[in-house]
Amino acid sequence: MIDNLAGAAAADLHSIAQEDIDPLQAHFHEGVAPDEIEQVYHLKRAQPMLQAFTALFHGSQDGVIVRLLVLRELAAETGESAFSRADINTKFAYMIPESLETVLGRLRSHGLLAWDNPAAVYRITPLARNVLAALDTLLALGRPEEDEAEMGFLLSQVAGAQAVGGVTVEQLKHLLGRLVELHEEFRDAIASGSEFRLRASQAKWHMACDWVEKGSAILRAITSDERADSATHKAAQAIGRAQSSLLNMQGMFSRALNQIERQRVHLGQSGLSTTDIKRWLLAHDDLAGLAEGAIERPVLPLFVTPAEMIDVAETELLAERAVNVAPGGLPSGEDAPLTINDNPAMQAELDDWIKRLADFANLDNFPAVAEGAPKTVAIQDSLLPASFAVASYRASLLPLLGDPAEASLQGPTAELARLPVAFSSEDEMVQLDDPHVMAMSRATLSRIEDIELDLDSNDE
């Protein structure tokens, strides 16, 4: 008897202990109390609101649509604040009565609808209106086709909270997180080098910049608000830096698109580019259908007959093959061949030509200029006697005389250009008595010093 009583008492204590265990604790390690986590504390405080969302969105998607339909239709009636069951049945006559009863019971049990027993009417609770207001804002500002940057709802929450003086750090962090995500998305698009991805990201970037411009005034109000705490100020400043980084990406987009434009490949003289071809292909849903009628007949395979196979095998079998003997050691050394680095013949001719012109400039051993002779010398007297090839080579170097661009360089031709000798030619041919050259253009060589002296004497 005593053992039975002790067993029953132990069972009762075990059941009481099981009831006292928090179900949330099962998701955490032993020794970690969920209530000590800050976010858990805030979420538990908002449990009525979370239960309202659970009542609306728990279950199938069809059930969610029906519950939102009923609650939004009732909340849209601003002329009356209470609804009798008859009014509700009339309003939702297009619904099955059993489904309508299930929805009303669920909304009433989770505090979204209040039942006034004395008046026998339903009333929309303030909690339900708050939930619907948040959903309406999200549905209105969260349309991807209108807000590709997906910043409208986040910025509207910050603006609304700032207007009533209740902006939170969490709301600012959500906006900051979205800005960081957009920056990474645009940076990856620029790094991809894809023109289509770049242009799509640039369009989204323009929309994001529009939201940034609208949010700048809100951020200035937050940072200038003396009532805001330090965490709010830091979050607002971080958002400002993220916005500046986002705005600075315009140059990156332009450079990437200009690079693609320079590398664009055009197809002949048709005016079409590879981008036009890709855009045309993307406009077709069935690319395989473009090949219909392009191939007249299938490819006919050719097979090798046994006779050809035997001939090839016999040839390979009877062919004499060289036996590659592996070397037994390192090869014997050999002396490197001797080479003589002779200067080319033209180099010697150039050196000789520079020496002759230098003699002419110094009035030394140049044969055409003697004491009492003219201050200029005919070009044929300086180029000849010589073979046709040598005379032509010397004549090709004459335009370099006095060339300032060539004189600024290094080398033999630069030395030639720096000689104080002037070259002038005329449009007239002179017949010559030479075995190699029959005629030559009339031209003269003059010392620059003599030309300057003539100019000074003429001035006097």
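See the structure shown above.
We now turn to the structure provided with this report.

Rules of the game
Residues numbered from 1 in each chain as written. Predicted model: local features only at pLDDT ≥ 70, side-chain atom pairs only at ≥ 80, totals over all residues. Heavy atoms only, no water. 1 Å grid on protein atoms, 1.4 Å probe; cavity = no way out; pocket = protein on both sides within 12 Å on 5 of 7 lines; lining within 4 Å. Points joined across faces, edges and corners; volume = space filled by probe spheres on them. Helix = DSSP H or I, 4+ residues; strand = E, 2+ residues; numbered from the N terminus. Nonpolar A, V, L, I, M, F, W, Y, C, P; charged D, E, K, R; others polar. Phe/Tyr/Trp six-rings, centres within 6.5 Å; stacked < 30°, edge-to-face > 60°. Buried < 20%, exposed > 50% of the residue type's maximum accessible area, 1.4 Å probe, protein only. Pairing = 2+ DSSP bridges.

This part takes up the layout of surface pockets. Computed from the structure, the largest pocket encloses a volume of approximately 820 Å³. Together, 19 residues line the largest pocket, and Met49, Gln157, Thr168, Gln171 and His174 are the ones closest to its centre. Secondary-structure elements contributing two or more residues to the lining of the largest pocket are α2 (38-45), α3 (47-57), α7 (126-141), α8 (152-163) and α9 (169-192). For the lining of the largest pocket, the leading source of residues is α7, giving five residues. Counted by class, the lining of the largest pocket contains eleven nonpolar, seven polar and one charged residues. Approximately 210 Å³ is the volume attributed to the second largest pocket.

In this structure the tally under the stated criterion is five aromatic pairs. Considering the side-chain rings of tryptophan 205 and phenylalanine 253, the 6.1 Å spacing of their centres and the 50° angle between planes classify their relative orientation as tilted. Of this pair, tryptophan 205 sits in helix α10 (residues 195-223) while phenylalanine 253 sits in helix α12 (residues 250-262), placing them 48 residues apart in sequence. Both residues of the pair, tryptophan 205 and phenylalanine 253, count as buried. An aromatic cluster is built from Phe186, Trp205 and Phe253, whose rings are joined through pairwise contacts.

Once that is clear, we can look at the sheet that holds strand β3 (residues 121-124). Here we have three strands laid out as an open sheet, ordered β1-β3-β2, and antiparallel in their pairing. Two strands in the sheet have a free side with no partner beyond their single neighbour: β1 (82-83) and β2 (113-116). Strand direction decides the pairing type here: β1 and β3, joined by two bridges, are antiparallel. Pairing of alanine 82 across the sheet is with arginine 123, part of β3.

The next thing to look at is unusual backbone geometry. Here leucine 384 and proline 385 are connected by a cis peptide whose omega angle stands at 0°. A positive phi is found at alanine 120, a non-glycine position, where the angle reads about 55°. As for its placement among the helices and strands, alanine 120 is situated in the loop between β2 and β3.

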